[in-house]
Amino acid sequence: SPRGAPPDACFAGVLLVAAGLAVATWHVRGAASTPARLDGSAGSSTSKRAAEHPPPMAASLRAFRESVPDVFLEVPAEPVPVAAVPPGPPRIDVAEEVHSAPPSEDTVSIALDEPSLPAFYGPSTRAVIAGEERCAAFRAATSDDRRAAPAGLFNTGTNLLWKLLRRNCVMPRECPGLRRDDASAPRARREAADTAALGEVVSVGGGGGGRSSRHHRARPCAPFLAQVPWGKHNPLEWRGSHVAERHAGVDHTQVLPVVLVKDPLTWMASMCRMEYAAKFRHGHAQCCPSPIDRTATEARFRKERPTKRYASIAHLWSAWNAAYLDDPSPRLLVRYEDLLFRTRETVTRICACVGGAAVEADRFDWVDGAAKGGAGHGYASTGRDAALAKYRNESRRYANLDEDDIAYLQRHLDARLVALFHYNVSTRLLREQCIPSRELYLRGLGLKPAPGGAVPLDDQSDGVLARGIFYKNPNKPGSSFAAYRRKHPDFAARARRRRRRR
């Protein structure tokens, strides 16, 4: 007995143990005669008998419990109910907005093996892909020359999609030796194979004349397309009136556009870092994209085409993607976040839609490195692991935005796209308001403020080249642009490449 406990309490403990053994013995006898049932149905004779004729010791135990302090009782006053077990396998929750085919066992098992999509992108357990209900009609109306081709705004992952498809999707008439390399091969070899595929002739059935057409007719095949024939970043309205480079002989009817749509909040942040042909920053890059209502955008998709103007960067996102959403022809709209977090499931479903077969799981190439690079793509690129950590951070999604920005987005983003892809926005995770700081901005460029203007942060450097402008170091004799170039041979190499492209 516990030290210092009264004799009555010790007697109470002994009597309690005896009562518990008696009750347990009575329940075991009842269970032996009739099996217990977990679903709580009316067929359990044991539960009926227990309710109508309680055991004699149970009444004594209930009366005795009321007279004993709770500190000596370690059993609950009433029996704990057993949760009912629902029959059958768990149901798969699919977004109601997407008219997709019923999930197969393969796609469900693939989804369970991949990283979980952040909860703020909706409850669906499968990738959100709009347009799968048109896949069967597309396959029936096309030949084995059909293929998928990426489309999407800048910074939406179109290069990643192209590499994933050509490395992991087997098509009936793909060009031999150009689709993929051994997944265990060094990254440099795989990147070289991608570059070779980009340079291949992409026209099916000739067209255009010259040596390329004769070479292609001698070896008929349908290479993977890096973009839709009218240009992956160009508006849909250009289809039929514009042809991208090296796509002159492509039959549009044999191409299934796969449009990547990215979360407008993270997409705007990416555009702030590299805006490409959409000019909208207007001098407020440090807190970009805020204020969004002052991001009037001019998009020059091609130099020979007129500039398209949008009221804001949010209007560009809505108008460009809504054109594909409203298009009645076969196409797929794929959420970028699904391509990142549910890579194998997304690629498998796209490949099946276009009539291909995905590679086995042990041969799947995840494209772990940066998907884009080279001139025109900036100097910062993100690998898969870094991207997974970046895009599962919900608070980072709202960086530099304030209540006015959120209210503006709620008014002007296309509500159908927001609902379809679960791109909801709220003021719940807003950070402190971004206040521009010239000193912090210059420090990010390797500069510091000075009475005569910005100077290099390092007093021993020959100078700093930032955003196309060279800042000479006034504190170091002999500092000049020529001295800077001599110590940076890569700069001279890039200049030569630019001259050759011109």
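Rules of the game
Residues numbered from 1 in each chain as written. Predicted model: local features only at pLDDT ≥ 70, side-chain atom pairs only at ≥ 80, totals over all residues. Heavy atoms only, no water. Disulfide = S-S within 2.5 Å. Helix = DSSP H or I, 4+ residues; strand = E, 2+ residues; numbered from the N terminus. Buried < 20%, exposed > 50% of the residue type's maximum accessible area, 1.4 Å probe, protein only. Axes fitted to C-alpha atoms, helices over the stretch in contact; angles between N-to-C directions. Parallel < 35°, antiparallel > 145°, perpendicular 65-115°, else oblique. Left-handed = near helix turned anticlockwise from the far one by under 90°. Contact = heavy atoms within 4.5 Å. Nonpolar A, V, L, I, M, F, W, Y, C, P; charged D, E, K, R; others polar. Phe/Tyr/Trp six-rings, centres within 6.5 Å; stacked < 30°, edge-to-face > 60°. Pairing = 2+ DSSP bridges. Core = buried A, V, L, I, M, F, W, Y, C linked by side-chain atoms within 4.5 Å. Salt bridge = Lys/Arg side-chain N within 4 Å of Asp/Glu carboxyl O. pLDDT = per-residue confidence, 0-100. Lys, Arg positive; Asp, Glu negative; His and termini not counted.

Participant: Describe the state of the cysteines, listing the residues and the values that go with them.
Facilitator: This model, assessed by the stated rule, comprises three disulfides. Across a sulfur-sulfur distance of 1.9 Å, C135 and C353 are joined as a disulfide pair. Sign of the S-S torsion, about -95 degrees for the bond between C135 and C353, identifies this disulfide as left-handed. Of the two residues, C135 is situated in helix α5 (residues 135–141) and C353 in helix α12 (residues 343–353); the sequence distance between them amounts to 218 residues. For C135, a relative accessible area of 6% corresponds to the buried category. You can call C353 buried: its relative accessible area is 3%. Covalently, C169 is tied to C351 through a disulfide, its sulfur atoms 2.0 Å apart.

Participant: Break down the packing of helix α9 (residues 264–273) against helix α10 (residues 313–325) for me, with residues and values.
Facilitator: The contact between α9 and α10 brings their axes to 11 Å, and the two run at 120 degrees. Taken together, the axis directions place α9 and α10 in an arrangement best described as oblique. At the point where α9 passes α10, the crossing takes the right-handed sense. Contacts from P264, W267 and M268 in α9 reach I313, L316 and W317 in α10. For the contact of α9 with α10, the per-class residue count stands at six nonpolar, no polar and no charged.

Participant: Please set out the packing of aromatic side chains residue by residue, giving values where relevant.
Facilitator: Scanning the model with the defined rule gives 13 aromatic pairs in all. When the ring of W317 is compared with that of Y423, the centres are 6.3 Å apart and the planes differ by 65 degrees; the resulting orientation is edge-to-face. Here W317, found in helix α10, pairs with Y423, found in the loop between α16 (415–421) and α17 (438–444); they are 106 residues apart in sequence, far enough to count as distant. With a relative accessible area of 0%, Y423 lands in the buried category. Judged by centre distance (5.2 Å) and plane angle (40 degrees), the rings of W320 and Y324 are tilted.

Participant: Describe the sheet that holds strand β1 (residues 129–130), and please don't skip the residues or the numbers.
Facilitator: In space, the four strands of this open sheet follow the order β1-β8-β4-β2, with mixed pairing throughout. What marks the edges here is a single partner per strand, and that holds for β1 and β2 (147–152). Sheet topology places β2 next to strand β4 (residues 255–261); six bridges connect them, and they run parallel. Opposite A148, over in β4, you have L256 as the bridge partner. This element, α10, spans β2, β4 and β8 (332–335) of the sheet and lies at about 145 degrees to β4. Against the sheet, α12 touches β1, β4 and β8, its axis set at about 175 degrees to β8.

Participant: How would you summarise the sheet that holds strand β6 (residues 297–299) if you had to cite specific residues and measurements?
Facilitator: Ordered by their spatial adjacency, three strands build an open sheet running β5-β6-β7, and the pairing between neighbours is antiparallel. Only two strands of the sheet have a single neighbouring strand rather than two, namely β5 (278–279) and β7 (308–310). Relative to β6, β5 runs antiparallel, the two sharing two bridges. Its bridge partner being in β6, A278 is matched across the sheet by A299. Sheet contacts for α10: β5, β6 and β7; angle to β7, the most-contacted strand, approximately 115 degrees.

Participant: Tell me what's going on with the packing of helix α6 (residues 158–168) against α12, and back it up with residues and numbers.
Facilitator: Across the interface, α6 lies against α12 with an axial gap of 10 Å and an inter-helix angle of 70 degrees. As far as their axial angle goes, α12 and α6 are roughly perpendicular. Judged by residue contacts, L161, L164, L165 and N168 of α6 engage T343, V347 and I350 from α12. Here the residues of the contact of α6 with α12 are counted per class, giving five nonpolar, two polar and no charged.

Participant: An account of the nonpolar core is needed here, citing residue identities and associated values.
Facilitator: The nonpolar side chains of a soluble globular protein tend to be buried with one another. The biggest cluster of nonpolar side chains holds 58 residues, and the ones touching the most others in it are L316, Y324 and L333. Those elements that place two or more of their residues in this core are β2, β4, α9, α10, α11 (336–341), α13 (384–391), α15 (403–412) and α16. Sorting elements by how many residues they give to this core places α10 first, with seven residues. Contact partners of L333, with chain neighbours within four places excluded, come to V128, I129, A130, V259, V261, N321, Y324, L325, L417 and F421. Ranked by size, the runner-up nonpolar core spans 28 residues in total, among them W162, L164, L339 and C353.

Participant: An account of the pairing of β8 is needed here, citing residue identities and associated values.
Facilitator: Residues L332 and V334 point to one face of β8 and L333 and R335 to the other, with burial holding for every one of them. Pairing of β1 with β8 involves two bridges; the strand directions are antiparallel. Looking at β8, one finds that I129 is bridged to V334. In this sheet, β8 lies alongside β4 in parallel orientation, the contact comprising four bridges. What sits directly across from V261, in β8, is R335.

Participant: Tell me about the pattern of salt bridges, and name the residues and values.
Facilitator: A complete count under the given rule lists 20 salt bridges for this structure. A salt bridge links R309 to E298, with the nearest nitrogen and oxygen atoms 3.6 Å apart. Placement of R309 in strand β7 and of E298 in strand β6 is noted, with a sequence separation of eleven residues between them. The residue R302 makes a salt bridge to E304 at a minimum N-O spacing of 3.2 Å. Each of the salt bridges in this network shares a partner with another, and the network as a whole consists of R126, E132, E345 and R349.

Participant: Explain the confidence of the model for the protein chain residue by residue, including any values.
Facilitator: Per-residue confidence for the protein chain averages 74 on the pLDDT scale, and 63% of its residues sit at or above 70. Here residues 373–380 is modelled with pLDDT under 50, and outside its nearest four sequence neighbours on either side it reaches nine contacts, counting other chains as well.

Participant: Go over the side chain of D405, please, and point to the residues and values.
Facilitator: Structurally, D405 is set in helix α15. Buried D405, no salt bridge; nearest opposite-charge side chain is R294, N-O distance 9.0 Å.

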